[in-house]
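Summary of structural features
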Amino acid sequence: MQKFRYEIYRGSETAKVADSLYYLAVTVFREFPYLFEPNPETKENHMERYAKMKNSFALLIYDGGKLAGASTASLLKEEVDMVRVPYENAGFDPDKTFYFGESMLLPEYRGMGNYKKIMSERINEAVESGANKASFISVVRPDNHPLKPKDYMHLKSIWNRYGFFENPHVNMKWTWKDVDKPQADLKSLTAWVKDLT
């Protein structure tokens, strides 16, 4: 059985791994359903925001010396407006909600128990923070999207198994450029919420 090394960083410590997190993000999120293409002109590393948060969390997964995956999370009150405000508008307490940011695994390291590790570590972190809810978001794509792989499997059933369910009251919309589009456009995202109490 393949063995992995797990490293955890919190708060300002995450500055040490911001570049590694960004590398994974621009690699993994090019895949369906996100299809995210970073702006080469700005080269903005949005992972640097975690170093400015007191209650941020990053889990990095290594196969020997190779970065295989990573995950991030933070207390909602410390998140940027585009993340925090839609939850507040839906009645969530930002002091008691733990937001699961990125969850990233390179394709060759999926199905090896790493996602289970990611989920368990983030849920534990949320409970330790005193939060009563944990949440993350996923992009909404049509079933007939031209870039949807034939073997694509939505993770809804897995998320349900971990106790996360869709919350229709969080109205989340972000803009980014898809890999197959000439310019950025608006995307709708769904919030998945778990009650920790």
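In case you missed it, the structure is sitting above this.
Our subject in this report is the structure included herewith. (Residues numbered from 1 in each chain as written. Predicted model: local features only at pLDDT ≥ 70, side-chain atom pairs only at ≥ 80, totals over all residues. Heavy atoms only, no water.)

**Here we look at the pattern of salt bridges**
Under the convention used in this document: The rule for a salt bridge is simple: a side-chain nitrogen of Lys or Arg has to be within 4 Å of a carboxyl oxygen of Asp or Glu. Put simply, DSSP marks the helices as runs of H or I at least four residues long and the strands as runs of E at least two long, and each gets a number from the N terminus on. Accessible area is worked out with a 1.4 Å probe on protein chains only. A residue is then buried under 20% of its type maximum, exposed over 50%, and partly exposed in between.
According to the stated counting rule, one finds 18 salt bridges in the structure shown. The shortest N-O distance in the salt bridge between Glu79 and Arg49 comes to 3.1 Å. With a gap of 30 residues between them, Glu79 in the loop between strand S3 (66–75) and helix H2 (81–89) and Arg49 in the loop between helix H1 (18–28) and strand S2 (57–63) connect regions that are remote in the sequence. A relative accessible area of 3% means that Glu79 is categorised as buried. Salt bridges linked by common partners bring Arg141, Asp178, Lys181, Asp185 and Lys187 together as one network.

**Comments concerning unusual backbone geometry**
That bond from Phe32 to Pro33 is cis: its omega, 15°, falls within 30 degrees of zero. Topologically, Pro33 is positioned in the loop between H1 and S2. Positive phi, normally seen in glycine, also occurs at Leu35, with a value near 55°. We classify Leu35 as buried; its relative accessible area is 3%.

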